[in-house]
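If you want the building blocks of each chain, they are given just below.
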Amino acid sequence: MSEFFTLSVLIATFASAVRLAVPYLLAALGETIGQRSGVLNLGVDGVMLLSAFGAYYTVIETGSHLLGVGVGLLIGLFMGVVYAVVTVHLHAKQGISGIGIFLFGLGFSDLLSQELVGAIQPIKKLPSLAKLPFVGGIFEPLEDIKYIGELLFSHNLMTYVAFALVPIVTWMMNRTTFGLNIKAVGENPQAADSLGVSVERTRFFAILIGNTLAGLAGATLSLQLGVFQQNLTNGLGFIAVALVYFGAWRAKWVMAGAMLYGLVTATRLQWQARDIIPNSASDLAAMTPALITILALVLLAKRVRGPAALTKPFTRH
Amino acid sequence: MKTNRSRRFLTLLTALLALSMFAAACGGSESATGTATSECGTDNAVVKGDKVTDLSVAVVAPSDSQDLAFTQSMIDSLTRLGIEPQVTDGTFQVEVAADAIRGYAEDGINVIIVHGTQYGGSLAEIAPDFPETSFIWGTATSTQGIANIFAYYPEAQQGGYVNGWIASELTGGGAIGVVGPVEAGDAVAYINGFKAGAEANGVSNVAVTYTGSFSDVALATEAAEALVTVGVEALTGTSQSAVGAVNVADENGIPWFGTQSNQEAWSTDQVVASQVYHWEVILDDMFEMIEEGTLGGEAMSLTLENGGLLVEINGCFNLDSDIESGAQDIIKKIIAGDINPPA
């Protein structure tokens, strides 16, 4: 056990937690924006899968991670348009529509993978800051700093983008007209409408942003792992939805939830590798992150209140 | 007379030559039983064999049919038998698999290969409803007492032991890491065998991590990263999620040992050897029995001895010839029963 509490192992564990947390964080931030506008999207996982494959395949064809991320974003945006039309304009039930998007993403990404790629082939992973073209030299000395380098400067660009989005989303939601409109239509769409806020347009754009971030999460996942395979997300999108509840619809707490999830997972893997957790308890250990999330949700459920109009379609009377 | 004598001499010489070639061939295959070395730079694609049966065949499997792991091992084996089965893959959800199994049976498919231990419960309900259909189920050691079920399983610990022994030779006693999925089925047999093979050759630290998932690549990746921080000098793993761990091995220049399918394509530099399941060895027998009217009732296994398990060494890795011949000795001892790897 004492072996675990050495600085190098703790830093490696934290770095692992950050890598695990990034896709959750991106997807959950997007879902937070959508839910604050009153729209629940259970299709996050499907959008992530489609974007993950799109990004992966783009890198296979072009060798460019930048293009891969771009394609992932565009797929997210496109799926956002689809979901927004279905739920906002056609007033379809959000839960069922989301599940439909998920199942479509699950099946179609697998079909494309089998038809276009065939046997799984690894690709180059997203490079760390120090290995970026043109600007990598600036970060190289920083990555070499003992302990600090691995902790703060060894990650890929998407990691910094994800964490930078936390204050940006917070600022957008609390300090911009668009953000305040999102919250208004999520709480009381009739009141917002009476004040001249276009509920449909606000929800439409909130969904677009949310799905684009889900697309970014999927692209980050496949490019960070350097591979795509059937159901790569493994339910990650659904955990991201749970993290929104965990984080009480606030970006910083969503980040805390994603980091907690990553940290618990990374710690149990480190403990298993060091035989601190016996293999006989591995199944129990595997459940720990989910158990902690459920426990936190139970404890938080009575203390925080979600957007009042969440899942409720808006019709002008 | 002279002509007759020389003709007789030539005939004898030819016979002797043929006999010596036959003996050499037998000797060669015996010494190479259980191993094969690929030629570096060549395509390892499975070649379709001559069709062995006219029975219609369907496969229901949990992961992708091109996963370079469990499911692909079955598809590749059928290809070697010249069979193009109908395939329903990606059925990690047992209910979905159950629907597919029943659907194929209702469609009148002769043989349904139910490729996943977890489908056993559903199969026990479905198989009795279709007594004319043969179900081939694995990995499982029992037919559940149902007449139209064949069971199959690999003695994965055997190839695991060989891989573990080779790994220990490469690390010289240094730590070795294992990325396991769920502590069940052939995964646990392979890992136990691998551990025993490494420990028998002087490795005291074989660190084993079970991620709790057959398919979570991110977890397998981070499990391998965690093992790298422990200081492992070789890695192995099983299940379709292992591709993530192979990437970590590749990045860190750590030798990798695969199982189920040949995993050279994932890293031509770092994959040392893969234990490959050649299900065709037992499927061929099963198809023959089905054609003769026996639709089940027997469990068959893949072993190094029957050729169902083959340790395929990556020609690009340039494994030391002494280690390779040492591995062949280990295989001979396993076949002879002198070594019994734990499952």
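Residues numbered from 1 in each chain as written. Chains lettered and ligands numbered in written order. Predicted model: local features only at pLDDT ≥ 70, side-chain atom pairs only at ≥ 80, totals over all residues. Heavy atoms only, no water.

### A look at the confidence of the model for chain B
- Counting all residues, the mean pLDDT for chain B is 89, and 90% of those residues have values of 70 or more.
- Within the model, the stretch residues 16-31 of chain B combines pLDDT values under 50 with three contacts to residues more than four positions away or in other chains. (pLDDT = per-residue confidence, 0-100. Contact = heavy atoms within 4.5 Å.)

### Quick word on the packing of helix α7 (residues 217-230) of chain B against helix α8 (residues 242-252) of chain B
Residues and elements named next belong to chain B.
- Contact geometry for α7 and α8: axes closest at 7 Å, N-to-C directions at 35°. Helix-helix and strand crossings are classified by hand; for α7 and α8 the assignment is right-handed. When α7 is examined against α8, the residues Val 217, Ala 220, Thr 221, Ala 224, Glu 225 and Val 228 are found in contact with a partner set consisting of Val 243, Gly 244, Ala 245, Val 248, Glu 251 and Asn 252.
- For the contact of α7 with α8, the per-class residue count stands at seven nonpolar, three polar and two charged. (Axes fitted to C-alpha atoms, helices over the stretch in contact; angles between N-to-C directions. Helix = DSSP H or I, 4+ residues; strand = E, 2+ residues; numbered from the N terminus. Left-handed = near helix turned anticlockwise from the far one by under 90°. Nonpolar A, V, L, I, M, F, W, Y, C, P; charged D, E, K, R; others polar.)

### A word on the environment of Asp 250 of chain B
Residue and element names in this part refer to chain B.
- Relative to the helices and strands, Asp 250 resides in helix α8.
- Asp 250 sits in the partly exposed class, given a relative accessible area of 35%.
- As for Asp 250 and Leu 235, which are separated by 15 residues in sequence, their C-alpha atoms are 10 Å apart.
- Apart from the residues within four sequence positions on either side, Asp 250 is in contact with Ser 267, Asp 269 and Gln 270. (Buried < 20%, exposed > 50% of the residue type's maximum accessible area, 1.4 Å probe, protein only.)

### Digging into the pattern of salt bridges
- Applying the stated rule across the entire model yields six salt bridges over all chains.
- Notably, a salt bridge pairs Glu 187 of chain A with Arg 305 of chain A, separated by 3.4 Å at the nearest N-O pair. Placement of Glu 187 of chain A in helix α8 (residues 177-187) and of Arg 305 of chain A in the segment after α13 (282-301) is noted, with a sequence separation of 118 residues between them.
- Look at Arg 305 of chain A and you get exposed, because its relative accessible area is 59%.
- Between Glu 84 of chain B and Lys 48 of chain B there is a salt bridge, and its shortest N-O distance comes to 2.7 Å. Linking Glu 84 of chain B in the loop between α2 (70-80) and β3 (86-88) with Lys 48 of chain B in the loop between β1 (35-37) and β2 (57-60), this pair joins segments that are 36 residues apart in sequence.
- Of the residues examined, Lys 48 of chain B reaches a relative accessible area of 46% and is grouped as partly exposed. (Salt bridge = Lys/Arg side-chain N within 4 Å of Asp/Glu carboxyl O.)

### Section: helix α3 (residues 94-106) of chain B
All names here are of chain B.
- For α3, with 13 residues, the first-to-last C-alpha span of 18 Å sits near the 18 Å given by 1.5 Å per residue.
- If you check which residues of α3 are buried, you get Ala 97, Ala 98, Ala 100, Ile 101, Tyr 104 and Ala 105. The arc that holds the buried residues of α3, viewed along the axis, is 165°, so those residues lie on one side. Those residues of α3 that are exposed and aimed more than 90 degrees away from the buried face are Glu 95, Asp 99 and Glu 106.
- On the buried face of α3, the contacting elements are β2, β3, β4 (111-115), α4 (120-126) and β5 (134-138).
- Gly 108 sits one or two positions beyond α3 and adopts a positive phi of about 85°. (Expected span 1.5 Å × (residues − 1). Arc of directions from axis to C-beta.)

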